[in-house]
Amino acid sequence: MNNSIHKATGETPSKLLFGVDQRGRIDDNIKEFLKREVNRSEQNLDSLREKTCKRLEKAQAYNKGYANKRHKSTHKFLVGDYVIIRNFDSTPGTSPKLRPKFKGPYVVARELRNNRFVVSDIPGFQLTQRRYEGVWEPTNMRPWSATIQKPSD
């Protein structure tokens, strides 16, 4: 059994299970000792386990905060919003460096469960004969913002 002190619990696994730190070779003497001493150290073992639970909860809260700090929340899209979608086009003969990262604009047609959206061509502005309609997740979508320039007189 591992006798290293765990960072989150602050104790060795054998001390948490049996109430005894194991030293050296494991043999049947440990089993005999545990049978004799289990009643005496039962309360100490319970308090040790309670402390360990509190330490684990603290470590879990720290890890969750650390992970969430590094993640960006997704954009909330509504039905009717104009979006651009990631360009996964892999046409042979075209360089991925020169290909635009996003294509569009498209319109969000409806919202599905699990944070997915049906994206389709803007009515009256489709580029091909077949109307595009696909399911996308927000990590591969961006809001579309058109910069409208007024004609100069």
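Predicted, not measured: the structure shown is a model, and the values here were computed from it.

Time to look at the overall build of the protein. When its secondary structure is counted, the protein shows three helices and five strands. A burial count over the protein gives 20% of its 153 residues as buried. Carbon and sulfur atoms make up 52% of the accessible area of the protein, which totals about 12,800 Å².

This part is about the side chain of Glu 11. Here Glu 11 lies in the segment before helix H1 (13-18). Although Glu 11 is buried, it makes no salt bridge; Arg 55 carries the closest opposite charge, 4.0 Å away. The residues contacting Glu 11, other than those within four sequence positions of it, are Ser 4, Ile 5, His 6, Leu 16, Leu 48, Thr 52 and Arg 55.

This paragraph deals with unusual backbone geometry. With an omega dihedral of 15°, the bond running from Gly 104 to Pro 105 counts as a cis peptide bond. The topology assignment puts Pro 105 in strand E2 (residues 102-112). Positive phi, close to 60°, is recorded for Asn 114, a residue that is not glycine. For Asn 114, a relative accessible area of 63% gives the class exposed. Phi is positive for Asn 115, which is not a glycine, with a value near 60°. Examined against the element boundaries, Asn 115 turns out to sit in the loop between E2 and strand E3 (116-120).

Strand order in the open sheet made by the five strands is E4-E3-E2-E1-E5, with antiparallel pairing throughout. A strand with exactly one partner marks an edge of an open sheet, and here the two such strands are strand E4 (133-136) and strand E5 (141-143). Within the sheet, the average angular offset between the axes of one strand and its neighbour, ignoring direction, is 45°.

Let us now look at the confidence of the model for the protein. The predicted structure's coordinates, where accompanied by low pLDDT, should not be read in detail. Mean pLDDT for the protein: 82, with 80% of residues reaching 70 or above. Ranking the helices and strands of the protein by mean pLDDT puts E3 first, with 95, and helix H2 (residues 28-37) last, with 66.

Here we come to the nonpolar core. In this structure, Phe 77, Val 83, Ile 85, Tyr 106, Val 108, Phe 117, Val 119, Trp 136 and Met 141 together form the largest nonpolar core, which totals nine residues. Breaking this core down by element, the ones donating at least two residues are strand E1 (82-86), E2 and E3. Apart from the residues within four sequence positions on either side, Val 83 is in contact with Phe 77, Pro 105, Tyr 106, Val 108, Val 119, Met 141, Arg 142, Pro 143 and Trp 144.

This part covers the packing of aromatic side chains. Tallying each qualifying case throughout the model produces five aromatic pairs. On the numbers, 5.8 Å between centres and 80° between planes, the contact of Phe 77 with Phe 117 is edge-to-face. With Phe 77 in the loop between helix H3 (42-69) and E1 and Phe 117 in strand E3, the pair connects residues that are 40 residues apart, well separated along the chain. With a relative accessible area of 3%, Phe 77 lands in the buried category. Geometrically, the ring pair formed by Tyr 106 and Tyr 132 is tilted, given 5.3 Å between the ring centres and 50° between the ring planes. Here Tyr 106 is found in strand E2, whereas its partner Tyr 132 is found in the loop between E3 and E4, with 26 residues between them in sequence. The buried category is assigned to Tyr 106, whose relative accessible area is 11%. For Tyr 132, a relative accessible area of 28% corresponds to the partly exposed category.

Reading guide: rules and limits
- Residues numbered from 1 in each chain as written.
- Predicted model: local features only at pLDDT ≥ 70, side-chain atom pairs only at ≥ 80, totals over all residues.
- Heavy atoms only, no water.
- Helix = DSSP H or I, 4+ residues; strand = E, 2+ residues; numbered from the N terminus.
- Buried < 20%, exposed > 50% of the residue type's maximum accessible area, 1.4 Å probe, protein only.
- Areas by Shrake-Rupley, 256 points an atom, 1.4 Å probe, with all protein chains shown as cover.
- Lys, Arg positive; Asp, Glu negative; His and termini not counted.
- Salt bridge = Lys/Arg side-chain N within 4 Å of Asp/Glu carboxyl O.
- Contact = heavy atoms within 4.5 Å.
- Pairing = 2+ DSSP bridges.
- Axes fitted to C-alpha atoms, helices over the stretch in contact; angles between N-to-C directions.
- pLDDT = per-residue confidence, 0-100.
- Core = buried A, V, L, I, M, F, W, Y, C linked by side-chain atoms within 4.5 Å.
- Phe/Tyr/Trp six-rings, centres within 6.5 Å; stacked < 30°, edge-to-face > 60°.

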